[in-house]
Amino acid sequence: MTTEIKGISSMATRLVLAELVDAFQRRTGNRVAIESVGGVDAAKRVQAGEAFDVVILASDAIDKLIASGHVQPDSKVDLVRSGVAVAVRAGAPKPDISSEDAVRAAVLAARNISYSTGPSGVALAKLFERWGIAEEIKDRIVTPPPGTPVGSLVAKGEVELGFQQLSELINLEGITVLGPLPAAIQIITTFSAGVCAGSQQGDAVRAMLTDMNTPEAAAAKLRQGMEPAAA
């Protein structure tokens, strides 16, 4: 009998999940539908009791859902690690981002900047505070609407310098990805999954999450600008 799995995830994992889900469906015949929205909205919908079998979010967000009783405590599985990259509009000048000092200078020189409202954006805001420039640039920060990729604002010319998960930038037209943040200031987010508390498909979800962490799945993760969580 075909099993139907319903899930929700943040936008950062949308493309890699589509690839992993497609492979799982072909192997098992099970049907999986995962909706990708802004991470904050995804967590709110799970907390509100909306019916999902699986939720995929940043690791700390899954921990909070476990603590609040919305995700089964023994079900958390780390799936991917994702770093932040920097982008400009296609054809625009390419600022140097090869070092921490270079990135700081690029931020200060930019007309405006944008970054995710998710965990990487929170970490970036703390970095700006550490650099002592948060107050100076606060009026130049463009906050993307929930579920709107930073890269799309860059592509439209609404934002000069965009920071977002590499996985959300590499397949977007109209931008140039300058590269990942330098190692000294790179922001790594681990994305994890958990079985939702009210799910009747726990066994099927666990089988899917195991399938998503096989060596074969690792190639899909790398194609989408991420690393296996165990790397």
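Attention here is on the structure that accompanies the text. Computed from a prediction, not measured in an experiment: that's the story for all the values here.

1. Focus: helix H10 (residues 215–223)
When H10 is considered as a whole, its buried residues turn out to be Ala217, Ala218, Ala220 and Lys221. Along the axis of H10, the buried residues cluster in a sector spanning 160°; they form a single face. Exposed residues on H10 whose side chains face more than 90 degrees from its buried face are Pro215, Glu216, Leu222 and Arg223. Next to the buried residues of H10 lie helix H1 (14–28), strand E4 (77–82), helix H9 (202–211) and strand E11 (227–228). Backbone geometry just downstream of H10 places Gly225 in the positive-phi region, at approximately 80°.

2. A closer look at the side chain of Asn112
Note that Asn112 resides in the loop between helix H4 (100–109) and strand E6 (113–115). With residues near it in sequence (within four places) discarded, Asn112 still touches Arg140, Val142, Glu158, Val159, Glu160 and Leu161.

3. Re the sheet that holds strand E10 (residues 189–195)
Read from one edge of the open sheet, six strands run E2-E1-E3-E10-E4-E11, paired in mixed fashion. Unpaired on one side and paired on the other, strand E2 (31–37) and E11 mark the two borders of the sheet. As paired strands, E4 and E10 are joined by five bridges and run antiparallel to one another. Looking at E10, one finds that Asp78 is bridged to Ser192.

4. Here we look at the packing of aromatic side chains
Here the structure, examined in full by the defined rule, presents three aromatic pairs. Relative to Trp131, the ring of Phe128 has its centre 5.9 Å away and its plane inclined at 40°; by these criteria the two rings are tilted. On the criterion of helical spacing, the pair formed by Phe128 and Trp131 is a turn pair, its members being three residues apart in helix H5 (residues 119–131). Between the aromatic rings of Phe128 and Phe163, the centroid separation amounts to 6.4 Å while the plane-to-plane angle is 75°, which identifies the pairing as edge-to-face. Here Phe128, found in helix H5, pairs with Phe163, found in strand E8 (residues 161–165); they are 35 residues apart in sequence, far enough to count as distant.

What counts, and where the lines are drawn
Residues numbered from 1 in each chain as written. Predicted model: local features only at pLDDT ≥ 70, side-chain atom pairs only at ≥ 80, totals over all residues. Heavy atoms only, no water. Buried < 20%, exposed > 50% of the residue type's maximum accessible area, 1.4 Å probe, protein only. Helix = DSSP H or I, 4+ residues; strand = E, 2+ residues; numbered from the N terminus. Arc of directions from axis to C-beta. Contact = heavy atoms within 4.5 Å. Pairing = 2+ DSSP bridges. Phe/Tyr/Trp six-rings, centres within 6.5 Å; stacked < 30°, edge-to-face > 60°.

Fair warning: the whole summary comes from geometry, so function is off the table for now.
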